[in-house]
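As a plain string of letters, each chain reads:
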Amino acid sequence: MSTTEKVGESVATYVDQRVGSNRFLGRSLKKVFPDHWSFMLGEIALYSFIIVLLTGVFLTLFYKPSMVEVVYDGSYVPLKGVMMSEAYASTLDISFDVRGGLLIRQMHHWAALLFIAAMSVHMFRVFFTGAFRKPREFNWVIGISLITLGLGAGFSGYSLPDDLLSGTGLQIARGIVQAIPIVGTWGAFLLFDGEFPGTEFISRLYGVHILLIPGLILALVTVHLMMVWTQKHTQFPGPGRTNDNVVGYPLMPIYMAKAGGFFFVVFGVTALIGGLVSINPIWIFGPYTPDQVGAGSQPDWYIGWLDGALRIFPNIETVLFGYTISWNIFIPSVIVPGIVFTVAALYPFLEAWVTGDKRDHNLLNRPRNAPTRTGIGVMAITFYFLLFIGGGNDIIAITFDLSINAIIWFLRIAVIVLPPIAFLVTRRICIGLQRRDREKMLHGYESGRILRLPHGEFIEVHEPLSLKERAVLESAIESYRAPLPAPEKVDANGVANKHYRRDMIRYKLSRWFYADDIVPPTRQEIEAGQAHVSHDAALEAPLHEYDEDETVMVPFHGGVLHTAGEPATNREQLEERGGNL
Amino acid sequence: MKGLVARRRNPIVASMLLLAALLGVGGVYAVATTAAPAEAVATSDQTAIDEGKRLYLEGCSSCHGLNAQGTSNGPTLIGVGAAAVHFQVSTGRMPMAAPAAQAPEKPTDYTEEEVSQMAAYIASLGPGPAIPTAEQLDYSDADIAEGGVLFRINCAQCHQAAGGGGALTNGKYAPSLMEATPQEIYEAMLTGPQNMPVFGDGTLTVEDKQAIIAYVMDLQEAPSPGGLALGRLGPVSEGLFLWAGVMAAFVGIAVWIGIKAR
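Now for a look at the structure at hand. (Residues numbered from 1 in each chain as written. Chains lettered and ligands numbered in written order. Predicted model: local features only at pLDDT ≥ 70, side-chain atom pairs only at ≥ 80, totals over all residues. Heavy atoms only, no water.)

1. Comments concerning the interface of chain B and chain A
Defined as follows: Note on definitions: a residue-residue contact is assigned when non-hydrogen atoms from the two residues lie within 4.5 Å. Here the quantity called buried area is the accessible surface, traced with a 1.4 Å probe, that two parts lose on coming together, added over both. What makes a salt bridge here is a side-chain nitrogen of Lys or Arg within 4 Å of a carboxyl oxygen of Asp or Glu, nothing more. In this text, helices come from DSSP runs of H or I with a minimum length of four residues, and strands from runs of E with a minimum of two, each type numbered from the N-terminal end.
Each side of the interface is counted separately: chain B has 51 residues, and chain A has 60 residues. In total, about 4400 Å² of surface goes out of reach between chain B and chain A, with carbon and sulfur atoms giving 74% of it. The interface formed by chain B and chain A includes 0 salt bridges. Going through the elements one at a time, α7 (144-154), α8 (156-159), β1 (166-167), β2 (173-174), α10 (206-221) and α11 (235-260) of chain B are the ones with two or more residues in the side of chain B that touches chain A. In terms of residues, the side of chain B that touches chain A owes the most to one element, α11(B), which gives 16 residues.

2. A closer look at the packing of aromatic side chains
Residues and elements named next belong to chain A. Our working definition: Only rings of Phe, Tyr and Trp enter the pairing, Trp through its six-membered ring, and a pair is recorded when the two centres are within 6.5 Å. The plane angle decides the type: under 30 degrees is stacked, over 60 is edge-to-face, the rest tilted. Accessible area is worked out with a 1.4 Å probe on protein chains only. A residue is then buried under 20% of its type maximum, exposed over 50%, and partly exposed in between.
For the structure on display, the rule yields 38 aromatic pairs over all chains. Ring centres 5.9 Å apart and planes at 70° place the aromatic pair F263 and F267 in the edge-to-face group. Here F263 pairs with F267, and both are found in helix α10 (residues 251-276), just 4 residues apart, close to one helical turn. With relative accessibility at 18%, the residue F263 sits in the buried group. For F267, a relative accessible area of 27% translates into the label partly exposed. Ring geometry for F423 and W512: centres 5.7 Å apart, planes at 20°, overall stacked. Of this pair, F423 sits in helix α16 (residues 404-443) while W512 sits in helix α18 (residues 500-514), and the two are 89 residues apart along the sequence.

3. So, helix α5 (residues 112-125) of chain B
Convention followed: Multiply 1.5 Å by the residue count of a helix minus one, and that product is the helix's expected span.
With 14 residues, α5(B) ought to run about 20 Å at 1.5 Å a step, and its terminal C-alpha atoms sit 20 Å apart, in line with that. Restricting attention to buried positions, one finds in α5(B) the residues V115(B), Q117(B), M118(B), A119(B), Y121(B) and I122(B).

4. Here's the deal with the packing of helix α3 (residues 41-60) of chain A against helix α9 (residues 201-231) of chain A
All names here are of chain A. Just so we agree on the cut-off: Angles run from 0 to 180 degrees between N-to-C directions of axes, and those axes are lines fitted to C-alpha atoms, restricted for helices to the stretch in contact. Should an angle fall under 35 degrees it is taken as roughly parallel, and over 145 as roughly antiparallel, whereas 65 to 115 is taken as roughly perpendicular and any remaining angle as oblique. Left-handed is the label given to a crossing in which the near helix is rotated counterclockwise from the far helix by less than a right angle, and right-handed is the label when the rotation is clockwise. Under the scheme applied here, ten amino acids are nonpolar (Ala, Val, Leu, Ile, Met, Phe, Trp, Tyr, Cys and Pro), four are charged (Asp, Glu, Lys and Arg), and all others, including Gly, are polar.
In contact at an axis separation of 12 Å, α3 and α9 are set at 150° when each is read in the N-to-C sense. One finds that α3 runs roughly antiparallel with respect to α9. As α3 runs across α9, the sense of the crossing is left-handed. Within the contact between the two elements, α3 uses L46, F49, L53 and T60 and α9 uses Y206, I210, P214, I217, L218, V221 and L225. Of the residues assigned to the contact of α3 with α9, the class counts are 10 nonpolar, 1 polar and no charged.

5. Here we look at the packing of α3(A) against α10(A)
The geometry of a pair of packed helices is captured by two quantities: the angle between their axes and the separation between those axes. Residue and element names in this part refer to chain A. Remark: α3 packs on α10, axes separated minimally by 9 Å, with the N-to-C direction vectors making an angle of 55°. By the angle between their directions, the pair α3 and α10 is classed as oblique. Seen from above, α3 lies across α10 with right-handed handedness. Residues E43, I44, Y47, S48, I50, I51 and L54 of α3 form the contact with α10, whose own contacting residues are Y255, A259, F262, F263, V266, F267 and T270. Per-class residue counts for the contact of α3 with α10 are 11 nonpolar, 2 polar and 1 charged.

6. Things to note about a nonpolar patch on the surface
To keep it simple, the criterion reads: Two distance rules govern patches: like charges are joined within 9 Å, and nonpolar side chains (Val, Leu, Ile, Met, Phe, Trp, Tyr) within 5 Å, applied only to residues with over 30% relative accessible area and no salt bridge. Values of accessible area rely on a 1.4 Å probe in the Shrake-Rupley scheme; residue burial ignores everything except the protein chains shown.
A cluster of nonpolar side chains, contributed by W409(A), F410(A), I413(A), I416(A), V417(A), L418(A), I421(A), V425(A) and I429(A), occupies part of the molecular surface with about 880 Å² of accessible area. Here V425(A) lies in helix α16.

7. As for the pattern of salt bridges
All names here are of chain A. Applying the stated criterion to the full structure yields 23 salt bridges over all chains. The salt bridge partner of D357 is R359, with a shortest N-O separation of 3.1 Å. Residue R359 is classed as partly exposed on the basis of its relative accessible area of 32%. Between R366 and D437 there is a salt bridge whose closest N-O contact spans 3.2 Å. Note that R366 is positioned in the loop between α13 (327-355) and α14 (371-391) and D437 in helix α16, a separation of 71 residues in sequence. A residue is classified by how much of its surface remains accessible, and R366, at 17% relative accessible area, is buried. Among the charged side chains, a salt-bridge network with shared partners connects R470, E474, R523 and E527.

8. Quick notes on the environment of V533(A)
Checked against the element boundaries, V533(A) lands in helix α19 (residues 523-538). Each C-alpha atom, one on V533(A) and one on T13(A), is 53 Å from the other, the two residues being 520 residues apart in sequence.

Rendered as structure tokens:
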């Protein structure tokens, strides 16, 4: 029994003697998790969420969710005597008059931004490695729900201080609700209890922000982790790793130490940033009044892409039976995010349908081995990023001395043109990498050692792959799938295919998804190729003892040594040997 | 009298007469010299205007016209007042280096004296806002909080809540106020340079202007209570810091922990 196993055992025994949980814990604490740095990205999200919860509890002790007008009498002089809502005044108090309040408030805000950023990066990892494939589709959907809830949590929290910036954000949110045809106006009245801004909204938002959304997030995070637990974590291909095993370290003590340590690192860095770097200085923005707006008003980064969509969308509206439909608001801020989130949530099911892949996948894809999916991912990120730029167009204009109109027009075109280009380029890069992998599997890797043959030719010595690299590259065999066969109009028994048109679409999509993938060599071919390379590499040694006087015919990878005094080209040599090296 | 006549040839008389003459000449001279400055001001005013006109013809007239009547390249300057000239020239905005959406601030080539000469010349063409006096610029008694309210109502929608400046359409912009002096702010409100509206004394009283100046000066000087201010640009720079700084650091740490486990 190794030391690590002993530690796990003793902890389990200790708890069992008190709770009688040995059967559960004995198994669980020794549960094995695969190891890779990218598997810790989700942990950043989890830890920042814990920080948000802890700091949030502190803030609720001092924050007053009330829109009652008060005269500020705190210690921030530039606002002394100014009329403001109690919500804003109490946020100022947290910032200036509550001991440690500003630190906690800044930690809360930074951790909230980090929460969504970490979820995004975690999502990228899951997407590009195909970890969402069967049997983990539901967990992907939960993940998308968590991101959506994260946006809601962030936006509701951003709005609570009732400062000029957040009020501007709420004003936009109200405009978006109003832009929904038919029900918009009434929806806005419902949300704000009448005209904007009213007196109810902050207290309503408060309940959503501190109870509803955190509760939902907590519940979904629990389900998310339980599913990882029961379904077991995916792993990257490597030596000894198959679709049916999990190679890694036990939870206790290795993973507990790593994850626990990482939690303290995340907490520490967030505390450091909360103490050193200013975020959302609401005292500069001033209290919200609907007749004011500041230049450079932006939402937090995760809403930025929606603001960008709103900013760059052309000014289109129609008047129908005397009612205005604001497409310029409705499309970018309701339709576009609706499509984005729906497609994101359904992606695992769409891909499974298109590819007809019904196998369980516990071994991750290397992104290059799914070129179309990787291309789609980069396309989505490009689309998102361009809209994100749009959200900061005024800051970019003034910082880089550009015309804001030029930026808007660039983005209007780029948001349509650049994502497909990104898709094609990424897909081509992946296919190129697949080709190189194929070369490596068949001919070993280029060692970088250049050899000069006696007749003057230079060749590079190829070496066989290491066991680990070979295992990684050979995962291409598992990843590769041929496109679906073309559907038949009539089957062998003469029965007409009722779903012919649907099958045809699926067939075409499947071809689009897979057709350009490089067919990986078979295991036999790889075996032969590697053996050949090993053989050639071994032949390098006698070469150093090459004797000018003797006739040596040493076949060599990439060239053939020739008879002394008889210069010959490779082609001549090959012909002489009947094309056989 | 007899005594006086009798003593007129007294040797002391010559000295007395000399003294009296000296006093007389000195007195007249003293009176004459005290009267002289009044005359001198009048003449130097005219000199300043003449000198200002010379500078104007050299540096400004190609766009604003030989008589400041304006051309297709520049507006008329008749009636813009000394304050406008001082603001535009002392901040280097005028003369423009090249045609652009807006005249950028740059180091000026004119001395303070030359600027006031040009201001005098333009002021002589028609009545306009004068350069604010030291009394008008004294904001020491102004209410900062009131200035903040006025700033958010009147200024923040272009200059941004923190006075960091903001973009306008087609490459125009409201510049940052972080380097602006009280005089520049006052003159800008008074004359409405470039795309800025005029905030005359009827719109914002002298006290209002002083309050706004006091608030902007506070924005310039006040330390950032929350730590590193990130340019006070709001969520854009915060988001950039989060991704390029914090998130990148955490990914780096995750990689590091991943490596250590092997």
